[in-house]
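For reference, the chains in residue letters:
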Amino acid sequence: MQRRNIVGKYSGKTMPRGISASASINFEAKKGHSIMQEEFGTIEKAFRILTTRLGTSKVVSSGTDYEKTRNIWNAAVQLYPQIVVLCENTSDVQAAVLAAASCKLSFSVRGGGHDWAGRSVNGQVVADLTRMRGVAIDGHVATIGGGTISTDLAEAASAQGLTAVTGIIGSVGVAGLALGGGYGHLTAKFGMALDNIVGAEVVLADGRVIQTDETQEPDLFWAIRGGGGNFGVVTQLRLKLHPVANIADGIIAFPWEQAGEVFKAYSAMIATLPDGLTVMPTFFAAPDGKLSIVFHLAWCGDQAQDERMIERVKSLGAPTTVQVSRKTLAEVLKEAERRTMTGIHWIVRTVTLPELTPASIQVIRRAMEHRSSPLSWIASHPFYGAGERIPLRSTAFGIRTRHFMVGIYTAWQPGEEAPHRAWADGVEAALKPFALTSSYPNYFGTDRPDQAAQAYGENAGRLLSLKQRYDPNRLFNAISLPESSSKI
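Residues numbered from 1 in each chain as written. Predicted model: local features only at pLDDT ≥ 70, side-chain atom pairs only at ≥ 80, totals over all residues. Heavy atoms only, no water.

### A few points about the packing of aromatic side chains
Aromatic rings considered in pairs are described by the distance between their centres and by the relative angle of their planes. In total, this model carries 15 aromatic pairs according to the counting rule given. Both rings, one in Phe263 and one in Phe295, keep their centres 5.6 Å apart while their planes meet at 40°; by these two values the pair is tilted. With Phe263 in helix α8 (residues 259–270) and Phe295 in strand β16 (residues 291–299), this pair connects stretches of sequence that are 32 residues apart. For Phe263, a relative accessible area of 3% translates into the label buried. We classify Phe295 as buried; its relative accessible area is 0%. Between Tyr266 and Phe295, the ring centres sit 5.1 Å apart and the planes meet at 55°, which makes this aromatic pair tilted. (Phe/Tyr/Trp six-rings, centres within 6.5 Å; stacked < 30°, edge-to-face > 60°. Helix = DSSP H or I, 4+ residues; strand = E, 2+ residues; numbered from the N terminus. Buried < 20%, exposed > 50% of the residue type's maximum accessible area, 1.4 Å probe, protein only.)

Given below as structure tokens:
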């Protein structure tokens, strides 16, 4: 059967009532699209359904709003959805879900747009939640809109003398982060972001709006905490906040030559750290190319103990840089955002190590010394404290034992991809002999089915059973799930 490269492109004009939406759709060739000829009608039908219900201002196939949606943090991702729905409320999301489902079109949800693999914009229909940003605080619970980013939440909490549990970058969408995991500055004290979800509003594949928590739809509540947005569109999240006004946050850096002794001391220290202290090691290159070991310190305990905690980390070696001060989490996220590189290309790989052994550290050091791009780095997110005391079967997240989630961040200026992909894949392969089978769902892309098969461990069977129950036609594919529990 002949295939044509076509894409629906809406003219942007307001259509008078009674005129078919298809009259204002100009189907033309565009890079990145290959649509079966018979699919033309289903896309046209979905567009007509959506514009009839929502109007032409919320349903776009081109123009400024369309480009803002499809262009995400990773400039290497160049995907062109057929229809973007600019959702402002739950009803808009329902319309997008039902149109995609009834027309049998692929569907994705864009929140913060920080998934490196572009899974937020890889659907033929994209529900853009960026207009659904909002935070309401009642006591120690925040209710947020599905498009809320981490800085929004942190700023609202900080204004109340509270803190939320987020990741480390301010522009990351809270819902996407928390549904798939959420390592961050406060993991040791309060668990992962997913462990702080107390409820959610979810639009299911059949259009129903469900409130879920420990007592309402508890199976769905279990699944979304770690299983990602694979069960519906989360239009609201309710999250625990904590009575922490500010934290001691910053970096302590050591010379590259001290890596062996520093990590030997760090491995011994991990077992004795209090929950309030998270110490994240990063292998980093300065703009001049000089390599160093950088520990990101976050202490959320008594301010009187700040110097003591700083000294504990300084004692790992002979530091070259110590920059730690009291900040709100909102300030921490904003600082990290300023260091985030935009407009460049990314590939991210991940392995989970049970410990940082001399052999695994040596692999990472060699990798950094022979990286394909001066912009690339490797970071380790430790998991200990409160998170590891949560029973494995209480959420869908696949690992609760002490570990280090290693992120391999390959970044380069626009240009040839092959050497950078080879470097990232090579580092991942070299670390696998030291790794656990578990992998971090928020980081592996659709090109890693082996990681999807392993990520959920003994929780995979229940997760897939609930997937069949809530989304039997697999409309939602936010993060990769195993194909079947029998392959695990």
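### Digging into the nonpolar core
What tends to happen in soluble globular proteins is that the nonpolar side chains get buried as a cluster. Formed by 116 residues in total, the largest nonpolar core has its most connected members in Leu237, Tyr266, Phe283, Phe295 and Ile378. The element best represented in this core is strand β20 (residues 403–412), accounting for seven residues. Once you skip the residues sitting within four places of it in the chain, Phe295 turns out to touch Gly250, Ile251, Ile252, Phe254, Val262, Phe263, Tyr266, Val279, Met280, Pro281, Val313 and Leu316. Counting residues in hydrophobic clusters, the runner-up holds 27 residues, among them Ile43, Val93, Leu105 and Ala127. (Core = buried A, V, L, I, M, F, W, Y, C linked by side-chain atoms within 4.5 Å. Contact = heavy atoms within 4.5 Å.)

### Looking at the state of the cysteines
A disulfide bridge is the covalent bond that connects two cysteines by way of their sulfur atoms. Applying the stated rule across the entire model yields zero disulfides. Cys87 takes part in no disulfide bond, and the closest cysteine sulfur, belonging to Cys103, lies 16 Å away. The class of Cys87 is buried, set by a relative accessible area of 0%. Among the residues examined, Cys103 registers a relative accessible area of 5% and is labelled buried. (Disulfide = S-S within 2.5 Å.)

### Details of α8
Helix length check: α8 (twelve residues) gives 16 Å between terminal C-alpha atoms against 16 Å at 1.5 Å per residue, within 8%. All of the buried residues in α8 are Ala259, Val262, Phe263, Tyr266, Met269 and Ile270. Each buried residue of α8 lies within a common arc of 120° when the element is viewed along its axis, so the set occupies one face. What points out from α8, more than 90 degrees from its buried face, is the exposed set Glu261, Lys264 and Ala268. (Expected span 1.5 Å × (residues − 1). Arc of directions from axis to C-beta.)

### Some details on the sheet that holds strand β6 (residues 83–86)
The four strands are arranged β5-β6-β8-β7 in an open sheet whose pairing can be described as mixed. Edge strands, defined here as strands with exactly one partner in the open sheet, are β5 (59–60) and β7 (107–110). With two bridges connecting them, β5 and β6 associate as antiparallel partners. When the bridges of β6 are listed, Val60 appears paired with Val84. (Pairing = 2+ DSSP bridges.)

### So, the sheet that holds strand β18 (residues 345–353)
Across the sheet, seven strands lie side by side as β17-β14-β16-β15-β19-β20-β18; this open sheet has antiparallel pairing. Edge positions in the sheet fall to β17 (321–327) and β18, since each has one partner strand and no second. Going across the sheet, the axis of each strand differs from the next one's by a mean of 15°, ignoring polarity. Sheet analysis places strand β19 (residues 377–383) next to β20, joined by seven bridges and oriented antiparallel. Each residue of the ladder has a partner; that of His381, found in β20, is Met405. Across the sheet, helix α11 (residues 358–369) touches β15 (277–285), β16, β18 and β19, and the angle it forms with β15 is around 40°. (Axes fitted to C-alpha atoms, helices over the stretch in contact; angles between N-to-C directions.)

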